Amino acid sequence: MTTLSSGFARARRWLRDHPLAFDATLAFCTLVAMICGSFTDSGDGHGPPAFGARTPELFSVLLMTLTAAALVLRRRRPMQVLAVTAALAAVEYVLVDPPAPVVMSTVIALYTVASRTDRPTTWRVGLLTMGGLTAAAMVFGSTPWYSQENFGVFAWTGLASAAGDAVRSRRAFVDAIRERAERAERTREEEARRRVAEERLRIARDLHDVVAHHIALVNVQAGVAAHVMDKRPDQAKEALAHVRDASRSALNELRVTVGLLRQQGDPEAPTEPAPGLAVLGELVTTFRNAGLPVEVACADRDRLPAAVDLAAYRVIQEALTNVRKHAGAGAKAEVSVVRVGATAEVTVLDNGRGSAGRRPGTGPGGGTGPDGGGPGDGDGLDSGGHGLVGMRERVTALGGALTAGPRYGGGFRVHAILPVEARTGEPDRPGTAGGTGLRR
């Protein structure tokens, strides 16, 4: 049974991909049906039809063949095919008695026109075809005008028009839904990119306002202190006091600015400037204290460059934050940092199933965020926000690559490949780069 159904499915796909072959097959089947019907005699209408009671004339066979052949072009020339089949059917009613069922080809042609044109055209063409063929059958046939064969012509042509119009309406409805979905997806992606760009501009503007004035003041006062250090130490001391006050003000304002950007529930960030893997243990401890079990494995390797070390730390921090926020109760995380040749690989795994507090766009059953998060079955990553965007841009800026997606069986995986020789060319930072020897 499975083999038979799969064979039908393959044949259907082939015919859909080759419409001319489908139309040729339809024309052949219609010809066979018309010839079989021409051997049937309905009698006086009181008994069942008798097959083989009559034999079609050669002229009727010729008309059936011509109308069936015209159906091969029904998609390319629907109106012309309808006109040819209707004219030949009318000729059959006028010249042959009893007529052969040539009108079957007209029914199929009328359905094609109705399914490929608009409703007003369907009404005009349908009524004209129905009225013309029914009138020909009533006027020139040997049976009474009120016989069921004559009203059957009217019914079948009307049914063809209604069915074609219904198919056209459904096709237009499905196309409209698909187009709206595609437009909504494009709009959602554009909106996400616009918001990310606006957020970057806002953060850059705030940081500039906070830092520029104080750094300029520190630079001026430090220059004054260096200039008068030997000759006027009191003035140098006063300049250094100004430097201390300006730097304290800058730090306080930076703390306030960054605090405005953080979300409620985010773990406290380390207060040391430019953290790295050397303080990874402290970061992990904050998550453990918050109720998220974290296992860490870092291979004993050489020190990482400062920019790479900082990027690895930030990727781990963002990934663990999203695990704690969205992975759900009972989730666990695993962190590994490994040197592989000229690259450092950072991997964060979780087994989360999602929670009710997930952001829009990432339900427990799936969803795709604008920042590249794939469909997840309860993944732990905040694929609906900008977390993955920030991580990916940070890694890409160093010439690396970041992938994020659901794991087989549940959970999420973040994997970053960072080149050891960062493109930024920053010197190594002794205090923060030597954290790759941490083990848990």
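Residues numbered from 1 in each chain as written. Predicted model: local features only at pLDDT ≥ 70, side-chain atom pairs only at ≥ 80, totals over all residues. Heavy atoms only, no water.

A. The arrangement of the side chain of T121 in detail. Inspection of the secondary structure puts T121 in helix α6 (residues 119-140). What makes T121 buried here is its relative accessible area of 15%. Every residue in contact with T121, bar those within four places of it in the chain, is listed here: M79 and G126. (Helix = DSSP H or I, 4+ residues; strand = E, 2+ residues; numbered from the N terminus. Buried < 20%, exposed > 50% of the residue type's maximum accessible area, 1.4 Å probe, protein only. Contact = heavy atoms within 4.5 Å.)

B. Looking closely at the pairing of strand β7 (residues 412-419). Most of β7 is tucked away: 6 of the 8 residues are buried. The sheet contact formed by strand β5 (residues 343-350) and β7 spans 8 bridges and is antiparallel. Paired with V348 across the strands is V414, a residue of β7. Where strand β6 (residues 401-406) and β7 come together, 6 bridges link them in antiparallel fashion. (Pairing = 2+ DSSP bridges.)

C. Highlighting the pairing of β5. With 6 of 8 residues buried, β5 lies mostly within the body of the structure. Two strands pair when backbone bridges link them, and strand β4 (residues 333-340) and β5 are joined in this way by 8 bridges, in the antiparallel orientation. By the bridge assignment for β5, V340 is matched with T343.

D. Summary view of a nonpolar patch on the surface. A contiguous nonpolar patch, built from F59, L62, L66, V91, V94, L95, V139 and F140 and spanning about 710 Å² of accessible area, is present on the exposed surface. Those elements giving two or more residues to the nonpolar patch turn out to be α3 (58-70), α4 (78-95) and α6. Note on placement: L66 falls in helix α3. (Patch = residues over 30% accessible without salt bridge, like charges linked within 9 Å, V, L, I, M, F, W, Y side chains within 5 Å. Areas by Shrake-Rupley, 256 points an atom, 1.4 Å probe, with all protein chains shown as cover. Salt bridge = Lys/Arg side-chain N within 4 Å of Asp/Glu carboxyl O.)

E. A look at the nonpolar core. Formed by 39 residues in total, the largest nonpolar core has its most connected members in V294 and I316. For this core, the elements supplying multiple residues, two or more each, are α9 (280-289), β3 (294-298), α10 (306-326), β4, β5, α11 (387-397), β6 and β7. Looking at which element gives the most residues to this core, the answer is α10, with 10 residues. Sequence-distant contacts of V294, defined by excluding residues within four places in its chain, comprise V284, F287, R288, L320, A333 and V335. Membership of the second largest hydrophobic core comes to 15 residues, among which are L31, Y93, V103 and A136. (Core = buried A, V, L, I, M, F, W, Y, C linked by side-chain atoms within 4.5 Å.)

F. Summary view of α9. Considered for burial, the residues of α9 that qualify are L280, G281, L283, V284 and F287. For α9, the angular spread of buried residues about the axis comes to 160 degrees, placing them on one side. After α9 finishes, the residue G291 shows a positive phi value of roughly 100 degrees. (Arc of directions from axis to C-beta.)

G. View of the sheet that holds β7. In space, the 5 strands of this open sheet follow the order β3-β4-β5-β7-β6, with mixed pairing throughout. A strand with exactly one partner marks an edge of an open sheet, and here the two such strands are β3 and β6. Taken pair by pair, the neighbouring strands of this sheet meet at an average axis angle of 10 degrees, ignoring direction. (Axes fitted to C-alpha atoms, helices over the stretch in contact; angles between N-to-C directions.)

H. Fine view of the pattern of salt bridges. Using the criterion set out here, one finds 10 salt bridges in the structure. Among the ionic pairs, E179 bridges to R183, the shortest N-O distance being 2.3 Å. Linking E179 with R183, this pair stays in helix α7 (residues 148-228), spanning 4 residues, or about one helical turn. Residue classification places E179 among the partly exposed residues on the basis of a relative accessible area of 34%. Here R195 and E191 are joined by a salt bridge, their closest N and O atoms 2.9 Å apart. With R195 and E191 both in helix α7 and 4 residues apart, the pair spans about one turn of that helix. One connected set of salt bridges, linked through shared partners, spans E191, R194, R195 and E198.

I. Up close: α6. Taking 1.5 Å of rise per residue, the 22 residues of α6 would be expected to cover 32 Å, and the 31 Å separating its terminal C-alpha atoms lies within 8% of that figure. Taken together, the buried positions of α6 are occupied by T121, T122, V125, G126, T129, M130, L133, T134, A136 and A137. Considered in projection along α6, the buried side chains sweep an arc of 155 degrees and stay on one side of the axis. What points out from α6, more than 90 degrees from its buried face, is the exposed set W123, R124, L127, L128 and V139. (Expected span 1.5 Å × (residues − 1).)

J. The arrangement of the packing of α9 against α10 in detail. For the pair α9 and α10, interaxial distance at closest approach is 11 Å and the crossing angle is 5 degrees. When the interaxial angle is binned, α9 and α10 end up roughly parallel. Residues L280, L283 and F287 of α9 form the contact with α10, whose own contacting residues are Y313, I316, Q317, L320, T321 and R324. Residues belonging to the contact of α9 with α10 are distributed by class as follows: 6 nonpolar, 2 polar and 1 charged. (Parallel < 35°, antiparallel > 145°, perpendicular 65-115°, else oblique. Nonpolar A, V, L, I, M, F, W, Y, C, P; charged D, E, K, R; others polar.)

K. The packing of α4 against helix α5 (residues 103-116), seen in detail. Where α4 contacts α5, the two axes come as close as 8 Å, and the packing angle between them is 155 degrees. The pairing of α4 with α5 is recorded here as roughly antiparallel in orientation. The crossing of α4 and α5 is left-handed. Of α5, the residues touching α4 (which contributes P78, M79, V81, L82, T85, A86, A89 and Y93) are V103, S105, T106, A109, L110, T112 and V113. Class assignment of the residues belonging to the contact of α4 with α5 gives a composition of 11 nonpolar, 4 polar and no charged. (Left-handed = near helix turned anticlockwise from the far one by under 90°.)

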